[in-house]
Amino acid sequence: QHIEGVETVYRILKNGSGVAVSKGKTVTVHAKGSVLQTGVQFWSTHDAGVGPYTYKAGVGLVIKGWDRGCLGMKLGETRLLRIPAQEAYGAAGFPAWGIPANSGLHFEIELITIK
């Protein structure tokens, strides 16, 4: 599905229910990220010692594609985001995580809590 104002798209893998994520809400998610072009996973909250990730939604604290792609999610929902390079780490990439320059990303995100 398309998201107004961005090129990131998403597909719902598991429906959620209840209140939806809106700008400024504090959310906790499980997430798994991989490089779109290679399929190589670079991060997962399920990895040993990592755990769920908490952030404030819609205010620019995470990459643009993730930030906009999670708005509207409902509790328990899992989405697959397809984020183009310009809404991820762009020309710089993120070498520390093995993300090459100009790489698109896939993120599978499961919404755990909304506050």
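Our structure's up above, just so we're on the same page.
I will try to describe carefully the structure that is included in this document. (Residues numbered from 1 in each chain as written. Predicted model: local features only at pLDDT ≥ 70, side-chain atom pairs only at ≥ 80, totals over all residues. Heavy atoms only, no water.)

## Description of the nonpolar core
The following threshold applies: We call a set of buried residues a nonpolar core when its members are Ala, Val, Leu, Ile, Met, Phe, Trp, Tyr or Cys and they connect through side-chain atoms within 4.5 Å of each other. In this scheme, a residue with accessible area under 20% of its type's maximum is buried, one over 50% is exposed, and one in between is partly exposed, where area comes from a 1.4 Å probe on protein chains only. Two residues qualify as a contact provided that any one of their heavy atoms is within 4.5 Å of a heavy atom in the partner residue.
Tyr55, Trp66, Ile83, Leu105, Phe107 and Ile109 are the most contacted members of the largest nonpolar core, which has 25 residues in total. In this structure tryptophan 66 touches Val29, Ala31, Trp43, Tyr53, Tyr55, Leu81, Ile83, Phe107 and Ile109, once residues within four positions along its chain are discounted.

## What to know about the packing of aromatic side chains
The following threshold applies: Paired rings are identified among Phe, Tyr and Trp, the last through its six-membered ring, by centres lying within 6.5 Å, and are further divided according to the angle between planes into stacked (under 30 degrees), edge-to-face (over 60) and tilted (the rest). Helix numbers and strand numbers start at the N terminus; a helix is a DSSP run of H or I with at least 4 residues, a strand a run of E with at least 2. Placement of a positive charge over a ring is assigned whenever Lys NZ or Arg CZ falls within 6 Å of the ring centre and within 35 degrees of the normal to the ring plane.
Using the criterion set out here, one finds 12 aromatic pairs in the structure. Consider the rings of tryptophan 43 and tyrosine 53, whose centres lie 5.8 Å apart with planes at 90 degrees: the pair is edge-to-face. Here tyrosine 53 lies in strand β5 (residues 53-56) and tryptophan 43 lies in strand β4 (residues 41-44), a separation of 10 residues in the sequence. Taking relative accessible area as the criterion, tryptophan 43 reaches 15% and is therefore assigned buried. Classification of tyrosine 53 as partly exposed rests on a relative accessible area of 30%. An aromatic cluster is present here, built from Phe42, Trp43, Tyr53, Tyr55, Trp66, Tyr89, Phe94, Trp97 and Phe107 joined pairwise through their rings. The ring of tyrosine 10 is capped by arginine 79, whose NZ or CZ atom sits 3.8 Å from the centre of that ring.

## A few points about unusual backbone geometry
Of note, asparagine 102 is a non-glycine position whose phi angle comes to about 60 degrees, a positive value. Mapped onto the elements of the fold, asparagine 102 is located in the loop between β7 (78-83) and β8 (105-114).

## A word on the pattern of salt bridges
This is how it is decided: Salt bridge, as applied in this entry: a Lys or Arg side-chain nitrogen positioned within 4 Å of an Asp or Glu carboxyl oxygen.
Under the definition given, this model contains 1 salt bridge. For the salt bridge of arginine 79 with glutamate 77, the shortest nitrogen-to-oxygen distance reads 2.5 Å. Per residue, the accessibility class of arginine 79 equals that of glutamate 77, and both read buried.

## With respect to the environment of valine 29
You can see valine 29 is positioned in strand β3 (residues 26-35). Considered as a pair, valine 29 and valine 50 are 21 residues apart in the sequence and their alpha carbons are 12 Å apart. Sequence-distant contacts of valine 29, defined by excluding residues within four places in its chain, comprise Thr45, Pro52, Tyr53, Tyr55, Trp66, Ile109, Glu110, Leu111 and Ile112.

## Concerning the environment of threonine 26
Structurally, threonine 26 is set in strand β3. Threonine 26 gets classed as partly exposed once you look at its relative accessible area, which sits at 29%. Along the chain, threonine 26 and alanine 57 lie 31 residues apart, while their C-alpha atoms are 6.2 Å from each other. With residues up to four places along the chain from it excluded, the contact list for threonine 26 reads Thr54, Tyr55, Lys56, Thr113, Ile114 and Lys115.

Honestly, it's all geometry; don't read function into it.
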